[in-house]
Structures are given as structure tokens and as C-alpha cells.
Amino acid sequence: MTRESSASPLIYGGDAQSPRAALPVLPPLALYIHIPWCVRKCPYCDFNSHTASPVLPEEEYVDALLADLDQDLHAVHGRELTSIFFGGGTPSLFGADSLGRLLKGVEQRIPFASDIEITLEANPGTFEQDKFVAYRKLGINRLSIGIQSFQQTQLEALGRIHNGDEAVRAAGMARQAGFDNFNLDLMHGLPNQSLDDALADLRTAIALKPTHLSWYQLTLEPNTVFWNQPPTLPEDDTLWDIQEAGQALLAEHGYAQYEVSAYALPGRPARHNLNYWSFGDFIGIGAGAHGKLSHPDGRIIRSWKTRLPKDYLNPAKSFQAGEKALANDEMPFEFLMNALRLTEGVESRLYPERTGMTLESLAEGRREAEQSDLLQVEPSRLVATERGQLFLNDLLQKFLT
């Protein structure tokens with residue numbers, strides 16, 4: 001069903017000329033929880049993470065998270081949570097008691113879907129078998145383990161606190177604790193990395209039999225140590241060889257690429273991230289968290305929370321740092337910068353369903369992208385060509401006003 005019926009009430013926003021329909025059916029709802037502390041800040045990391053003090057304010061932070069959530073409840077509109085993702089930082093620095101109290105408080109406020117996916121990010125250096133067993137008992141049913149590399153020289157260059165043996169043991173600990181669904185996070189294109197080194201990392205990861213692999217190239221981001229003191233990275237030809245050979249190796253072992261840097265065994269894509277990429281809704285709580293929420297009247301609001309933990313924990317300061325209502329002329333780019341990351345794209349009908357805009361609002365950009373061999377000529381789907389996947393920024397430019 002599309003939302004283009006002339007019987008639907010219409011609203012207007014921004015500078016766009018086309019009307020936007022109200023949304024009688026709202027998208028799936030997820031929850032992102034940001035825990036901003038790490039043992040040590042990595043030199044490549046541009047996430048909102050901060051070096052942890054010897055004693056973390058777990059109780060105070062959980063209280064703040066629940067109070068933050070209370071302020072977003074008006075936008076839930078009776079929906080249930082389909083997924084929860086604990087990101088960071090290093091969420092596994094928090095004890096099971098704190099996370100259990102938080103999850104109980106969340107469920108008291110918003111009902112959980114019967115098959116909810118609850119993911120916790122963790123690093124091998126913070127692993128303890130007893131802690132994982134306790135997490136699993138809380139209902140956390142998926143882990144995302146930050147490996148990055150198994151090679152000691154690379155781990156030291158990346159500022160990681162674990163070694164290769166700990167990384168291997170982490171996967172075994174997860175499985176023994178009852179996690180039959182877990183992701184390994186792995187980088188390539190590391191300082192002075194050869195093709196053989198990159199494939200050795202990938203083979204080690206595959207041998208651990210994760211259900212999901214996030215495999216992506218190291219990039220130098222502003223406001224990081226690596227940006228100011230850049231390491232020597234592989235040449236472009238080597239990077240291309242790594243990408244091609246790695247994708248072939250993953251496919252050989254049954255890991256299907258379903259997103260730019262995400263590979264999964266059959267039936268095991270990350271449901272939380274699929275919700276992002278299909279323009280679903282998500283509440284974001286915690287220092288620096290972002291959210292996106294749709295309302296029945298057609299408004300779609302992006303919001304972001306106070307970044308610094310000390311400010312987030314300060315009762316005199318607001319949790320929310322800002323919000324922005326998406327205008328009609330922003331909608332094509334906002335939708336497609338997510339949907340076109342998926343290798344199979346999305347059904348065309350999802351655009352009017354999730355945005356309230358007509359497919360005609362995409363017509364000009366779509367025509368230009370098809371003529372440039374960046375978008376497939378497929379009326380029922382919005383999906384990038386192989387060339388479009390390689391030049392995704394060029395493809396998205398077609399939909400910027």
C-alpha cells in the first residue's frame with residue numbers, strides 16, 4: 001500500500017513544491033543506546049567516545065538514559081520496539097546489573113516485539129566469560145565484537161587494547177555464553193597492509209564462524225589522531241585488490257554482501273541496521289545519540305543529544321541538543337543515502353510509504369542516474385547498479401536540490 005491517496009491529509013514543508021501525505025502507518029521503531037566510555041580512545045575513531053575513569057557512573061547514567069527516554073515517549077505512538085542496539089564507546093564496560101535495570105526500565109515504557117533483536121557492542125579486551133553469560137540472561141541476543149585485526153603490529157598501530165589471541169578467544173566466549181548470533185568487526189586497508197595480510201585477517205575471522213561480518217576500509221576522519229598524523233596506507237591498486245579478493249573469499253564461505261560493508265550468513269543480516277537503511281524510525285538516547293522519528297501527520301524529525309557525558313549527566317542541562325524537521329526537498333536524498341547502501345536496494349513503494357512523498361518527486365534524479373548507469377532501470381525497485389555502488393556519492397548527488 002502506498003500513501004498517495006488524495007483522501008489523505010497533506011502537509012507542506014521546506015522549499016519543495018510537491019505535497020507530502022500524512023503517514024497512517026508508521027515505520028518500525030528501534031532504540032539506540034549510546035554508552036560513551038572506552039578504556040582508551042583509538043587514533044582512527046571519530047565516534048563520540050571518551051576515556052573512562054577508574055569508576056564509571058553507571059547508576060547515574062542509567063537514571064539519565066531512562067529520563068532521556070521519557071522525554072521521547074510522546075513520539076512512540078503506540079509502537080513496539082523491534083530492535084535495541086547498545087553502541088559506544090564500549091558498552092561492555094557496564095556491568096550486567098546496570099544493563100539489566102536499563103532494559104527493564106525500557107520495557108516498562110515501550111513494549112518489546114516478541115522476536116526483538118538486542119545487540120551489544122563489545123571489545124575483546126573487556127571480555128569476561130561470566131559477564132557474557134549474565135548479558136545473555138538479560139535477553140541480549142546478539143554481540144558485535146570489535147576485532148579490527150588479528151595481527152599484533154596492526155593492533156598496536158590502531159591503538160587497540162587486545163591482542164590477536166584475545167580476539168580469537170572472544171568469539172569462543174560469546175558462543176559458550178549462548179550467543180548463536182554475533183558480528184565480528186574487521187578493518188582492511190590498514191597501515192602498510194599487504195593483500196596477503198588482509199586476507200589472512202579475513203580467513204581467521206571466517207574460521208571463527210560468526211553469523212555476520214562488518215568488513216570495511218580504514219578511512220582517515222577529521223578530528224582524529226590519524227587525521228593529524230596520517231599513517232602510510234596501501235596504494236589504491238592494493239586497496240582494490242584487497243576489496244575484490246576479500247569479497248570473493250566471503251562469498252565462497254557463504255557470506256552474502258547485503259550492504260556496502262556488511263556480509264551475513266543466510267537469514268542473519270543485522271535487523272537493527274536494516275531498519276536504518278530502510279528509513280525506519282529509531283529513538284536515540286545517551287550522550288551524542290541521534291534519532292529519527294516519524295509522526296502520523298507526516299512530520300519526520302531528526303534529533304541529537306548533548307555530546308559530553310558531564311553535560312548529559314548535569315540535571316541543569318537539557319538532554320536534547322537540537323532537532324530538525326525534514327523538508328520535502330530534502331526527502332529524496334535523506335531516503336536514498338540509506339536505501340542505496342543496500343546491494344539489492346528497496347522496493348520503490350517504500351519511498352512513498354516512509355516519506356509521504358510521491359515517486360514523481362524522484363523522477364528527475366532517477367532519470368539522470370539511470371542515464372549515467374548509476375541506478376538500475378527497474379520501476380519496482382530503487383537499486384544501484386554495480387557502478388553506482390562503486391560511485392555512491394556521485395549517485396546521491398543526482399538527488400540533491
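Residues numbered from 1 in each chain as written. Predicted model: local features only at pLDDT ≥ 70, side-chain atom pairs only at ≥ 80, totals over all residues. Heavy atoms only, no water.

**Details of the domain arrangement of the protein chain**
Applicable threshold: Note that domain bounds follow an automatic or database assignment of domains. Reported buried area values correspond to the accessible surface (1.4 Å probe) lost by two parts on association, with both partners' losses combined. Should a side-chain nitrogen of Lys or Arg be within 4 Å of a carboxyl oxygen of Asp or Glu, the pair is scored as a salt bridge. Definition of a polar contact: a pair of N or O atoms within 3.5 Å, with one able to donate and the other able to accept a hydrogen when the atoms are protein atoms, and with sequence-neighbouring residues admitted only if both atoms are side-chain atoms. Secondary structure follows DSSP: runs of H or I at least 4 residues long count as helices, runs of E at least 2 residues long count as strands, and numbering of each begins at the N terminus.
Domain assignment breaks the protein chain into domain 1 (29–274) and domain 2 (333–400). Once you take the C-alpha centre of each, domain 1 and domain 2 turn out to be 28 Å apart. In total, about 520 Å² of surface goes out of reach between domain 1 and domain 2, with carbon and sulfur atoms giving 60% of it. Along the contact surface separating domain 1 from domain 2 lie 1 salt bridge. Between arginine 341 and glutamate 259 there is a salt bridge whose closest N-O contact spans 2.3 Å. Here domain 1 and domain 2 share 4 residue pairs in polar contact (both at pLDDT 80 or more) between them. Broken down by element, the side of domain 1 that touches domain 2 gets its largest block of residues, 3 residues, from strand 11 (residues 256–259).

**Overview of the nonpolar core**
Rules: Side-chain atoms within 4.5 Å are what join buried Ala, Val, Leu, Ile, Met, Phe, Trp, Tyr and Cys residues into a set we call a nonpolar core. Buried means the residue's accessible area, taken with a 1.4 Å probe over protein chains only, is under 20% of the maximum for its type, while exposed means over 50%, and partly exposed covers the values in between. Residues count as neighbours in contact if any of their non-hydrogen atoms are within 4.5 Å of one another.
By size, the foremost hydrophobic cluster in this structure holds 65 residues, and its most contacted members are Leu31, Leu81, Ile84, Phe86, Val106 and Ile283. Counting residues per element, this core draws most heavily on helix 1 (residues 58–72), which supplies 6 residues. Sequence-distant contacts of isoleucine 84, that is, excluding residues within four places in its chain, are made with Leu31, Ile33, Leu103, Val106, Phe112, Ile116, Glu117, Ile118, Thr119 and His272. By size, the runner-up hydrophobic cluster in this structure holds 34 residues, among which are Met331, Ala339, Leu340 and Leu350.

**Remarks on the side chain of serine 83**
Structurally, serine 83 can be placed in strand 6 (residues 81–88). For serine 83, the side chain forms a polar contact with the side chain of histidine 272, separated by 2.8 Å.

**Quick look at the side chain of threonine 90**
The topology assignment puts threonine 90 in the loop between strand 6 and helix 2 (96–109). You can call threonine 90 buried: its relative accessible area is 2%. Aside from chain neighbours lying at most four places away, what touches threonine 90 is Ile35, Trp37, Cys38, Asn123 and Thr126.

**A word on the packing of aromatic side chains**
Condition: When the centres of two rings from Phe, Tyr and Trp lie within 6.5 Å, Trp using its six-membered ring, the rings pair. Their planes under 30 degrees apart give stacked, over 60 give edge-to-face, and anything left gives tilted.
Tallied over the full model, the rule gives 12 aromatic pairs. With a centroid separation of 5.0 Å and an interplanar angle of 50°, the aromatic rings of tyrosine 312 and phenylalanine 319 are classed as tilted. According to the relative accessible area criterion, phenylalanine 319 is buried, its value standing at 11%. Plain terms: the ring middles of phenylalanine 335 and tyrosine 351 are 5.2 Å apart, the flat faces sit at 80° to each other, and that makes the pair edge-to-face. Of this pair, phenylalanine 335 sits in helix 11 (residues 331–339) while tyrosine 351 sits in helix 12 (residues 350–355), and the two are 16 residues apart along the sequence.

**With respect to the pattern of salt bridges**
Across all of its chains, the model carries 16 salt bridges by this definition. A salt bridge links lysine 305 to aspartate 68; the shortest N-O distance between them is 2.6 Å. Placement of lysine 305 in strand 15 (residues 300–305) and of aspartate 68 in helix 1 is noted, with a sequence separation of 237 residues between them. On the basis of relative accessibility, which here comes to 1%, the residue aspartate 68 falls in the buried class. For arginine 302, the salt bridge identified is with glutamate 334, shortest N-O distance 2.7 Å. Here arginine 302 is found in strand 15, whereas its partner glutamate 334 is found in helix 11, with 32 residues between them in sequence. Assigned by exposure class, arginine 302 and glutamate 334 land together as buried. Bridged by salt links that share partners, the residues Asp68, Asp72 and Lys305 form one connected network.

**Brief notes about helix 6 (residues 195–207)**
The test is simple: Every helix has an expected span of 1.5 Å times one less than the residues it contains. To be clear, the arc concerns the directions from the helix axis to the C-beta atoms.
In a regular helix each residue adds 1.5 Å, so 13 residues correspond to 18 Å; helix 6 covers 18 Å between its end C-alpha atoms and thus fits that length. Among all positions of helix 6, only Ala198, Leu199, Asp201, Leu202, Ala205 and Ile206 are buried. In an axial view of helix 6, the angular spread of the buried residues amounts to 155°, which keeps them on one side of the axis. Pointing more than 90 degrees away from the buried face of helix 6 are the exposed residues Asp196 and Ala207. Structurally, helix 6 contributes buried residues whose contacts are with strand 8 (142–148), strand 9 (182–188), strand 10 (212–217) and helix 8 (236–252).

**Remarks on unusual backbone geometry**
Here the residue pair glycine 88 and glycine 89 is connected by a cis peptide bond, since its omega of 20° sits within 30 degrees of zero. Checked against the element boundaries, glycine 89 lands in the loop between strand 6 and helix 2. One non-glycine residue with positive phi stands out, namely phenylalanine 279, at about 65°. Looking at where phenylalanine 279 falls in the secondary structure, it is placed in the loop between helix 9 (271–277) and strand 13 (281–285).

**Observations concerning the environment of asparagine 183**
With respect to the secondary-structure elements, asparagine 183 resides in strand 9. Accessibility expressed as a relative area gives 2% for asparagine 183, which makes it buried. The sequence separation of asparagine 183 and alanine 264 amounts to 81 residues, and the corresponding C-alpha distance is 8.7 Å. Those residues in contact with asparagine 183 that sit more than four places away from it in its chain are Arg142, Leu143, Ser144, Ile145, His212, Leu213 and Ser214.

**Comments concerning a negative patch on the surface**
To keep it simple, the criterion reads: Here the term patch refers to residues with relative accessible area over 30% and no salt bridge, with like charges joined within 9 Å and nonpolar side chains (Val, Leu, Ile, Met, Phe, Trp, Tyr) within 5 Å. Residue-level accessible areas treat just the shown protein chains as cover; the underlying method is Shrake-Rupley with a 1.4 Å probe. Counted as positive: Lys and Arg. Counted as negative: Asp and Glu, with His and the chain ends omitted from the count. Positions of charges follow a simple convention, taking NZ of Lys, CZ of Arg, CG of Asp or CD of Glu.
On the surface, Glu235, Asp236, Asp237, Asp241, Glu244 and Glu386 cluster together to form a negatively charged patch. Looking at the negative patch, the element that brings in the most residues is helix 8, giving 4 residues. Inspection of the secondary structure assignment puts aspartate 241 in helix 8.

**As for the confidence of the model for the protein chain**
Our working rule: Residue-level confidence of the predictor is summarised by pLDDT, bounded by 0 at the bottom and 100 at the top.
Residues of the protein chain with pLDDT of at least 70 account for 95%, and the chain-wide mean is 92. Below pLDDT 50 for its whole length, residues 1–18 participates in 38 contacts with residues either more than four positions away or in separate chains.

**Details of the environment of leucine 313**
Note on placement: leucine 313 falls in the loop between helix 10 (309–312) and strand 16 (320–325). Leucine 313 sits in the partly exposed class, given a relative accessible area of 27%. Here the alpha-carbon distance between leucine 313 and glutamine 257, two residues 56 residues apart in the chain, equals 40 Å. Once residues within four sequence positions are removed from consideration, leucine 313 is found in contact with Pro57, Glu60, Tyr61 and Ala64.

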